[in-house]
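# Tertiary structure, described
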Amino acid sequence: MIQDLYKQKKSLELSWEQEYNESGKYTLNMVEIDERIKSIITQIKLEEARLEDLRNKISATRPEVSVAT
């Protein structure tokens, strides 16, 4: 899922760049693309935080073994 979000972000960034190259100025369409990019960045951050939380829960529940010597 997170890889798909990164792909969407990259695609939107390329669309933004192409729009700029075509018009030579900041257009309303570029504003909309910026808003979609910000939304995807937020989704990426939330997904990364969720994955990190899962990793933390897994490591917290990992049994600890001590070897008495």
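Read on for a plain summary of the structure.

Calculation criteria
Residues numbered from 1 in each chain as written. Predicted model: local features only at pLDDT ≥ 70, side-chain atom pairs only at ≥ 80, totals over all residues. Heavy atoms only, no water. Helix = DSSP H or I, 4+ residues; strand = E, 2+ residues; numbered from the N terminus. Rg over C-alpha atoms; globule rule 2.2 N^0.38 Å. Buried < 20%, exposed > 50% of the residue type's maximum accessible area, 1.4 Å probe, protein only. Contact = heavy atoms within 4.5 Å. Expected span 1.5 Å × (residues − 1). Arc of directions from axis to C-beta. Polar contact = N/O pair within 3.5 Å; in protein donor to acceptor, adjacent residues only side chain to side chain. Core = buried A, V, L, I, M, F, W, Y, C linked by side-chain atoms within 4.5 Å.

### A word on the overall build of the protein chain
- A count of helices and strands for the protein chain gives two helices and zero strands.
- A globule of 69 residues ought to have a C-alpha radius of gyration of about 11 Å, yet the protein chain, at 20 Å, is considerably larger.
- Structurally, the protein chain occupies a C-alpha span of about 75 × 15 × 15 Å along its principal axes.
- Put simply, the protein chain has 69 residues, and 17% of those count as buried.
- For the protein chain, long-range pairs separated by at least 24 residues make up 63% of all intrachain contacts whose partners lie at least 6 apart in sequence.

### As for helix α1 (residues 2–23)
- Spanning 22 residues, α1 covers 32 Å between terminal C-alpha atoms, matching the ideal 32 Å at 1.5 Å per step.
- Those residues of α1 not exposed but buried are Ile2, Leu5, Lys9, Leu12 and Glu19. Looking straight down α1, one finds its buried side chains confined to an arc of 100°; they lie on one side. Exposed side chains of α1 directed beyond 90 degrees from the buried face belong to Gln3, Lys7, Asn21 and Glu22.
- Among the structural elements, α2 (28–61) are those in contact with the buried residues of α1.
- The first or second residue beyond α1 is glycine 24, which carries a positive phi of 75°.

### A short note on the side chain of glutamate 47
- By the element assignment, glutamate 47 lies in helix α2.
- A distance of 2.6 Å separates polar atoms of two side chains, one belonging to glutamate 47 and the other to arginine 50.
- Those residues in contact with glutamate 47, other than ones at most four positions away along the chain, are Met1 and Ile2.

### What to know about the nonpolar core
- Within the largest apolar cluster, seven residues are counted, these being Ile2, Leu5, Leu12, Ile33, Ile37, Ile40 and Ile44.
- Breaking this core down by element, the ones donating at least two residues are α1 and α2.
- Among the elements that take part in this core, α2 stands out by supplying four residues, more than any other.
- Not counting the four nearest positions on each side in its chain, isoleucine 33 is found in contact with Leu12, Ser15 and Trp16.

What is shown is where atoms sit, not what they do.
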